[in-house]
Amino acid sequence: MQAYVIVLIVFACIFSLWGLLSLLSLLIYLIPQLVVRILNPLDLKKRYGGGWCFITGGNSGIGESFAKKVAKIGLNVVILGQNEERLNKVAADILSINQNIETKTIKADLSGNPEQVTEEIVQQLSGLDICIVYFNAGFGNAAQPTKKSLDQFNTNIVTHQHLFQVLYPRLVNRQLTAKKRGAILFTSSGLGIITTPGSVVYSATKSYLGHLGECLASEAH
Ligand SMILES: NC(=O)c1ccc[n+]([C@@H]2O[C@H](COP(=O)([O-])OP(=O)(O)OC[C@H]3O[C@@H](n4cnc5c(N)ncnc54)[C@H](OP(=O)(O)O)[C@@H]3O)[C@@H](O)[C@H]2O)c1
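Residues numbered from 1 in each chain as written. Predicted model: local features only at pLDDT ≥ 70, side-chain atom pairs only at ≥ 80, totals over all residues. Heavy atoms only, no water.

### Considering the overall build of the protein chain
Applicable threshold: Secondary structure elements follow DSSP: runs of H or I no shorter than four residues count as helices, runs of E no shorter than two count as strands, and numbering proceeds from the N terminus. Only C-alpha atoms enter the radius of gyration; for comparison, a globular chain is expected to reach 2.2 Å times N to the power 0.38, where N is the number of residues.
The helix and strand inventory of the protein chain stands at seven helices and five strands. Scanning the protein chain from its N terminus toward the C terminus, one meets helices and strands in the order α-α-β-α-β-α-β-α-β-α-β-α. Taking 221 residues into account, the globule formula puts the C-alpha radius of gyration at 17 Å, and the protein chain, at 22 Å, lies well above it. For the C-alpha atoms alone, the extent of the protein chain along its principal axes is close to 80 × 45 × 35 Å.

The structure is reproduced here in C-alpha coordinates:
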(Lines give C-alpha, C1' and ligand atoms only; values in the text may rest on other atoms or scores of the structure.)
Protein backbone atom coordinates (compact mmCIF):
# COMPACT_ATOMS: atom_id res chain seq x y z
CA MET A 1 0.00 0.00 0.00
CA GLN A 2 1.20 3.47 -0.86
CA ALA A 3 2.53 5.48 2.08
CA TYR A 4 0.16 8.38 1.39
CA VAL A 5 -2.85 6.00 1.58
CA ILE A 6 -1.71 4.85 5.01
CA VAL A 7 -1.33 8.47 6.13
CA LEU A 8 -4.83 9.22 4.81
CA ILE A 9 -6.28 6.25 6.69
CA VAL A 10 -4.55 7.32 9.91
CA PHE A 11 -5.91 10.88 9.53
CA ALA A 12 -9.39 9.55 8.75
CA CYS A 13 -9.29 7.42 11.92
CA ILE A 14 -8.11 10.38 14.04
CA PHE A 15 -10.83 12.67 12.66
CA SER A 16 -13.54 9.99 13.11
CA LEU A 17 -12.47 9.48 16.72
CA TRP A 18 -12.39 13.23 17.25
CA GLY A 19 -15.87 13.57 15.74
CA LEU A 20 -17.19 10.73 17.88
CA LEU A 21 -15.75 12.29 21.06
CA SER A 22 -17.20 15.71 20.14
CA LEU A 23 -20.61 14.14 19.54
CA LEU A 24 -20.42 12.32 22.87
CA SER A 25 -19.50 15.51 24.76
CA LEU A 26 -22.37 17.33 23.04
CA LEU A 27 -24.79 14.59 24.10
CA ILE A 28 -23.43 14.61 27.66
CA TYR A 29 -24.24 18.34 27.75
CA LEU A 30 -27.58 18.17 25.91
CA ILE A 31 -29.20 15.11 27.53
CA PRO A 32 -29.32 16.55 31.11
CA GLN A 33 -30.61 19.87 29.69
CA LEU A 34 -33.34 17.98 27.86
CA VAL A 35 -34.30 15.89 30.91
CA VAL A 36 -34.55 19.07 33.05
CA ARG A 37 -36.81 20.69 30.44
CA ILE A 38 -39.06 17.64 30.04
CA LEU A 39 -39.49 16.86 33.74
CA ASN A 40 -41.40 19.28 35.96
CA PRO A 41 -39.11 21.11 38.38
CA LEU A 42 -39.09 19.64 41.87
CA ASP A 43 -41.58 21.36 44.15
CA LEU A 44 -39.14 21.87 47.02
CA LYS A 45 -41.79 23.50 49.21
CA LYS A 46 -44.00 20.43 49.00
CA ARG A 47 -41.04 18.08 49.29
CA TYR A 48 -39.72 19.64 52.51
CA GLY A 49 -42.99 20.93 53.94
CA GLY A 50 -42.04 24.63 53.64
CA GLY A 51 -39.63 26.48 55.90
CA TRP A 52 -36.45 28.45 55.35
CA CYS A 53 -33.60 28.07 52.91
CA PHE A 54 -30.25 29.28 54.28
CA ILE A 55 -27.70 30.24 51.61
CA THR A 56 -24.13 31.32 52.31
CA GLY A 57 -22.94 33.61 49.52
CA GLY A 58 -26.60 34.34 48.74
CA ASN A 59 -25.97 37.98 47.84
CA SER A 60 -24.24 37.30 44.53
CA GLY A 61 -23.80 34.93 41.58
CA ILE A 62 -24.88 31.32 41.96
CA GLY A 63 -26.20 31.79 45.51
CA GLU A 64 -28.31 34.78 44.47
CA SER A 65 -29.82 32.85 41.55
CA PHE A 66 -30.64 29.92 43.81
CA ALA A 67 -32.19 32.27 46.40
CA LYS A 68 -34.49 33.70 43.74
CA LYS A 69 -35.50 30.25 42.49
CA VAL A 70 -36.48 28.98 45.94
CA ALA A 71 -38.28 32.24 46.71
CA LYS A 72 -40.37 31.74 43.58
CA ILE A 73 -41.30 28.26 44.82
CA GLY A 74 -42.47 29.78 48.11
CA LEU A 75 -39.71 29.03 50.60
CA ASN A 76 -38.47 31.74 52.99
CA VAL A 77 -34.87 32.74 52.38
CA VAL A 78 -31.90 33.70 54.57
CA ILE A 79 -28.93 34.99 52.62
CA LEU A 80 -25.45 35.43 54.08
CA GLY A 81 -22.60 37.52 52.72
CA GLN A 82 -20.19 40.30 53.62
CA ASN A 83 -21.42 43.10 51.38
CA GLU A 84 -24.35 44.68 53.22
CA GLU A 85 -25.50 46.78 50.28
CA ARG A 86 -25.77 43.73 48.05
CA LEU A 87 -27.44 41.74 50.82
CA ASN A 88 -30.17 44.38 51.11
CA LYS A 89 -30.56 44.73 47.36
CA VAL A 90 -30.87 40.98 46.79
CA ALA A 91 -33.30 40.65 49.74
CA ALA A 92 -35.47 43.38 48.14
CA ASP A 93 -35.27 41.66 44.73
CA ILE A 94 -36.30 38.37 46.33
CA LEU A 95 -39.35 39.99 47.93
CA SER A 96 -40.32 41.54 44.62
CA ILE A 97 -40.35 38.02 43.14
CA ASN A 98 -42.63 36.66 45.87
CA GLN A 99 -44.28 38.93 48.43
CA ASN A 100 -45.73 35.97 50.33
CA ILE A 101 -42.41 34.86 51.73
CA GLU A 102 -40.03 36.23 54.36
CA THR A 103 -36.38 37.08 53.88
CA LYS A 104 -33.54 37.66 56.30
CA THR A 105 -29.98 38.82 55.73
CA ILE A 106 -26.90 37.89 57.73
CA LYS A 107 -23.76 39.95 57.37
CA ALA A 108 -20.80 37.77 58.29
CA ASP A 109 -17.22 37.16 57.28
CA LEU A 110 -16.69 33.40 57.06
CA SER A 111 -12.92 33.85 57.05
CA GLY A 112 -12.97 35.06 60.66
CA ASN A 113 -12.60 32.92 63.78
CA PRO A 114 -14.72 29.91 62.74
CA GLU A 115 -16.15 29.14 66.20
CA GLN A 116 -17.06 32.75 66.92
CA VAL A 117 -18.50 33.40 63.45
CA THR A 118 -20.53 30.19 63.63
CA GLU A 119 -21.94 31.13 67.04
CA GLU A 120 -23.02 34.54 65.75
CA ILE A 121 -24.64 33.06 62.64
CA VAL A 122 -26.41 30.28 64.53
CA GLN A 123 -27.80 32.86 66.94
CA GLN A 124 -29.34 34.73 64.01
CA LEU A 125 -30.79 31.51 62.66
CA SER A 126 -32.40 30.54 65.96
CA GLY A 127 -36.11 29.92 65.78
CA LEU A 128 -36.09 29.42 62.00
CA ASP A 129 -37.30 26.10 60.63
CA ILE A 130 -34.52 25.53 58.09
CA CYS A 131 -35.26 22.95 55.42
CA ILE A 132 -32.44 23.68 52.95
CA VAL A 133 -28.87 24.51 53.90
CA TYR A 134 -26.77 25.65 50.97
CA PHE A 135 -23.04 26.04 51.64
CA ASN A 136 -22.09 28.09 48.61
CA ALA A 137 -19.87 31.02 49.66
CA GLY A 138 -16.29 30.77 48.56
CA PHE A 139 -13.49 32.30 46.57
CA GLY A 140 -10.34 31.32 44.69
CA ASN A 141 -7.11 32.98 43.63
CA ALA A 142 -4.84 32.44 46.62
CA ALA A 143 -2.22 29.97 45.47
CA GLN A 144 0.61 30.98 47.79
CA PRO A 145 0.56 30.06 51.48
CA THR A 146 -0.35 33.53 52.71
CA LYS A 147 -2.96 35.04 55.02
CA LYS A 148 -5.28 35.08 52.00
CA SER A 149 -4.99 31.33 51.47
CA LEU A 150 -5.85 30.79 55.14
CA ASP A 151 -8.87 33.09 54.72
CA GLN A 152 -9.84 31.02 51.73
CA PHE A 153 -9.47 27.79 53.70
CA ASN A 154 -11.65 29.16 56.53
CA THR A 155 -14.26 30.60 54.17
CA ASN A 156 -14.58 27.70 51.78
CA ILE A 157 -14.58 24.88 54.29
CA VAL A 158 -13.68 25.42 57.96
CA THR A 159 -16.53 27.73 58.97
CA HIS A 160 -18.89 25.77 56.75
CA GLN A 161 -17.87 22.61 58.61
CA HIS A 162 -18.59 24.32 61.95
CA LEU A 163 -21.98 25.41 60.66
CA PHE A 164 -22.58 21.90 59.40
CA GLN A 165 -21.96 20.52 62.91
CA VAL A 166 -24.89 22.57 64.18
CA LEU A 167 -27.25 22.70 61.22
CA TYR A 168 -27.11 19.12 60.00
CA PRO A 169 -28.50 17.66 63.27
CA ARG A 170 -31.21 20.33 63.12
CA LEU A 171 -32.22 19.07 59.67
CA VAL A 172 -32.14 15.45 60.79
CA ASN A 173 -34.30 16.23 63.83
CA ARG A 174 -36.89 18.17 61.84
CA GLN A 175 -40.40 16.92 62.33
CA LEU A 176 -41.27 14.87 59.30
CA THR A 177 -44.29 16.75 57.98
CA ALA A 178 -43.45 16.18 54.34
CA LYS A 179 -41.84 13.64 52.05
CA LYS A 180 -38.30 14.57 53.14
CA ARG A 181 -36.80 16.37 56.15
CA GLY A 182 -34.57 18.68 54.13
CA ALA A 183 -31.53 19.07 51.96
CA ILE A 184 -27.95 20.11 52.37
CA LEU A 185 -26.11 21.41 49.31
CA PHE A 186 -22.53 22.39 48.57
CA THR A 187 -20.99 24.36 45.72
CA SER A 188 -17.90 22.42 44.76
CA SER A 189 -16.07 23.01 41.48
CA GLY A 190 -14.56 21.23 38.49
CA LEU A 191 -11.26 22.29 40.07
CA GLY A 192 -12.05 19.93 42.92
CA ILE A 193 -11.50 17.10 40.46
CA ILE A 194 -8.85 18.44 38.11
CA THR A 195 -6.04 20.73 39.19
CA THR A 196 -4.61 23.75 37.44
CA PRO A 197 -1.56 25.80 38.40
CA GLY A 198 -2.35 28.54 40.90
CA SER A 199 -5.40 26.90 42.43
CA VAL A 200 -3.75 24.77 45.12
CA VAL A 201 -5.85 25.66 48.17
CA TYR A 202 -9.00 26.37 46.16
CA SER A 203 -8.91 22.96 44.46
CA ALA A 204 -8.32 21.17 47.76
CA THR A 205 -11.19 22.99 49.49
CA LYS A 206 -13.57 22.26 46.62
CA SER A 207 -12.52 18.63 46.57
CA TYR A 208 -13.37 18.42 50.28
CA LEU A 209 -16.82 19.93 49.75
CA GLY A 210 -17.58 17.66 46.81
CA HIS A 211 -16.52 14.56 48.71
CA LEU A 212 -18.43 15.59 51.83
CA GLY A 213 -21.55 15.93 49.69
CA GLU A 214 -21.01 12.52 48.09
CA CYS A 215 -20.42 10.80 51.43
CA LEU A 216 -23.49 12.43 52.95
CA ALA A 217 -25.60 11.46 49.96
CA SER A 218 -24.88 7.81 50.64
CA GLU A 219 -25.21 8.03 54.44
CA ALA A 220 -28.13 10.38 54.87
CA HIS A 221 -30.77 8.13 53.34
N1 LIG B 1 -18.34 31.00 38.87
C2 LIG B 1 -17.76 29.85 38.59
O3 LIG B 1 -17.34 29.60 37.46
C4 LIG B 1 -17.64 28.80 39.65
C5 LIG B 1 -17.24 27.52 39.26
C6 LIG B 1 -17.16 26.55 40.24
C7 LIG B 1 -17.43 26.84 41.55
N8 LIG B 1 -17.78 28.10 41.91
C9 LIG B 1 -18.07 28.35 43.32
O10 LIG B 1 -19.38 28.84 43.39
C11 LIG B 1 -19.54 29.60 44.59
C12 LIG B 1 -20.24 30.90 44.25
O13 LIG B 1 -19.41 31.62 43.38
P14 LIG B 1 -19.98 32.64 42.29
O15 LIG B 1 -19.42 32.23 40.98
O16 LIG B 1 -21.42 32.80 42.43
O17 LIG B 1 -19.14 33.94 42.71
P18 LIG B 1 -19.55 35.23 43.53
O19 LIG B 1 -20.64 35.94 42.81
O20 LIG B 1 -18.28 35.95 43.77
O21 LIG B 1 -20.13 34.66 44.89
C22 LIG B 1 -19.33 34.36 45.99
C23 LIG B 1 -20.17 34.54 47.21
O24 LIG B 1 -19.43 34.12 48.35
C25 LIG B 1 -19.50 35.15 49.33
N26 LIG B 1 -18.27 35.19 50.12
C27 LIG B 1 -17.00 35.17 49.66
N28 LIG B 1 -16.14 35.27 50.67
C29 LIG B 1 -16.89 35.36 51.80
C30 LIG B 1 -16.59 35.50 53.17
N31 LIG B 1 -15.32 35.58 53.62
N32 LIG B 1 -17.60 35.57 54.06
C33 LIG B 1 -18.88 35.50 53.64
N34 LIG B 1 -19.23 35.36 52.36
C35 LIG B 1 -18.25 35.30 51.44
C36 LIG B 1 -19.66 36.44 48.54
O37 LIG B 1 -20.25 37.44 49.35
P38 LIG B 1 -19.56 38.91 49.48
O39 LIG B 1 -19.36 39.37 48.07
O40 LIG B 1 -20.51 39.72 50.25
O41 LIG B 1 -18.26 38.66 50.16
C42 LIG B 1 -20.57 35.99 47.41
O43 LIG B 1 -21.91 36.04 47.81
C44 LIG B 1 -18.14 29.78 45.17
O45 LIG B 1 -17.97 28.86 46.22
C46 LIG B 1 -17.23 29.41 44.00
O47 LIG B 1 -16.01 28.91 44.46
C48 LIG B 1 -17.90 29.08 40.98
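### A word on the site of the ligand
Our working definition: Being near a molecule or strand, for a residue, means having at least one of its heavy atoms within 4 Å of it. Any N or O atom pair separated by 3.5 Å or less is treated as a polar contact, with the protein-specific requirement of one donor-capable and one acceptor-capable atom, and with residues adjacent in sequence counted only for side-chain atom pairs. For the accessible areas, the method is Shrake-Rupley and the probe is 1.4 Å, while residue cover comes only from the protein chains on display.
In the vicinity of the ligand, 23 residues are found, and the nearest of them are Asn 59, Ser 60, Gln 82, Asn 136 and Tyr 202. In this structure, an oxygen atom belonging to the ligand sits 2.8 Å away from a main-chain N or O atom of Ile 62. A distance of 2.7 Å separates an oxygen atom of the ligand from a polar side-chain atom of Lys 206. Considered on its own, the ligand offers 870 Å² of accessible surface; in the complex 71% of this is hidden by protein.

### A closer look at the domain arrangement of the protein chain
Spelled out, the test is: An automatic or database domain assignment provides the domain bounds reported here.
Domains assigned within the protein chain are domain 1 (1-39) and domain 2 (44-219). Of note, the centres of domain 1 and domain 2, computed from C-alpha atoms alone, are 39 Å apart.

### Section: the nonpolar core
Basically, it comes down to this: In these notes, a set of buried Ala, Val, Leu, Ile, Met, Phe, Trp, Tyr and Cys residues joined through side-chain atoms within 4.5 Å is what counts as a nonpolar core. In this scheme, a residue with accessible area under 20% of its type's maximum is buried, one over 50% is exposed, and one in between is partly exposed, where area comes from a 1.4 Å probe on protein chains only. Residue contacts are defined here by distance: any two heavy atoms, one from each residue, within 4.5 Å place the two residues in contact.
Residues Phe 54, Ile 121, Leu 125 and Phe 135 are the most contacted members of the largest nonpolar core, which totals 27 residues. Taken together, the elements giving at least two residues each to this core come down to β1 (52-56), β2 (76-81), α5 (114-125), β4 (130-135), α6 (147-172), β5 (183-186) and α7 (200-219). By residue number, the principal contributor to this core is α6, which donates six residues. If we ignore the near neighbours within four places in the chain, the residues touching Ile 121 are Phe 54, Leu 80, Ile 106, Ala 108, Leu 110 and Leu 163. By size, the runner-up hydrophobic cluster in this structure holds 19 residues, among which are Cys 53, Leu 75, Val 77 and Ile 79.

### Things to note about the UniProt feature "transmembrane region" (unreviewed entry) in the protein chain
We apply this condition: UniProt positions are given in the numbering used here, feature names are shortened, and annotations may be inferred rather than shown by experiment.
The UniProt entry lists residues 6-31 under the feature "transmembrane region" (unreviewed entry), expressed in the numbering used here. Between the end C-alpha atoms of residues 6-31 there is a gap of 37 Å, over a span that is 100% helix and 0% strand.

### A look at the packing of helix α3 (residues 61-73) against helix α4 (residues 84-97)
Stated precisely, the cut-off is as follows: Axes here refer to lines fitted to C-alpha atoms; in helices the fit is confined to the stretch in contact. Angles between the N-to-C directions go from 0 to 180 degrees. Each angle is binned into one of four classes, with values under 35 degrees roughly parallel, values over 145 roughly antiparallel, values of 65 to 115 roughly perpendicular, and all other values oblique. Put simply, a crossing is left-handed when the front helix is turned counterclockwise from the back one by less than a right angle, and right-handed when it is turned clockwise.
Between α3 and α4, the least distance of the axes is 9 Å, while the angle of their chain directions is 30 degrees. The orientation of α3 with respect to α4, classified from their angle, is roughly parallel. Crossing angle aside, the handedness with which α3 passes α4 is right-handed. Contacts from Glu 64, Ala 67, Lys 68, Ala 71 and Lys 72 of α3 reach α4 at Arg 86, Val 90, Asp 93, Ile 94 and Ile 97.

### What about the sheet that holds strand β3 (residues 103-107)?
Operational definition: Any two strands between which DSSP finds at least two bridges are classified as paired.
In spatial order, the strands read β3-β2-β1-β4-β5; together these five strands make up an open sheet with parallel pairing. The sheet is open, and its two borders are formed by β3 and β5, each paired with just one other strand. For this sheet, the mean inter-axis angle between neighbouring strands, taken without regard to orientation, is 15 degrees. Summarising the sheet, β1 and β2 pair through five bridges and their orientation is parallel. Following the sheet pairing, Phe 54 is matched in β2 by Val 78. On the sheet, α3 packs against β1, β2, β4 and β5 and is oriented at approximately 170 degrees with respect to β1. Contacts between α4 and the sheet are confined to β2 and β3, with β3 contributing the most and set at about 170 degrees to the helix.

### A few points about the environment of Phe 139
Structurally, Phe 139 can be placed in the loop between β4 and α6. Judged by relative accessible area, which is 27%, Phe 139 ranks as partly exposed. C-alpha separation for the pair Phe 139 and Phe 11, spaced 128 residues apart in sequence, amounts to 43 Å.

### Here's the deal with the pairing of β2
Our working rule: Throughout, right-handed denotes a crossover for which the path from the first strand over the helix to the second runs clockwise when the strands point away from the viewer.
Counting buried positions over the six residues of β2 gives six, a clear majority of the element. Burial of β2 is two-sided: the residues Asn 76, Val 78 and Leu 80 facing one way and the residues Val 77, Ile 79 and Gly 81 facing the other way are all buried. With respect to chirality, the unit in which β1 leads through α3 into the neighbouring parallel β2 is right-handed.

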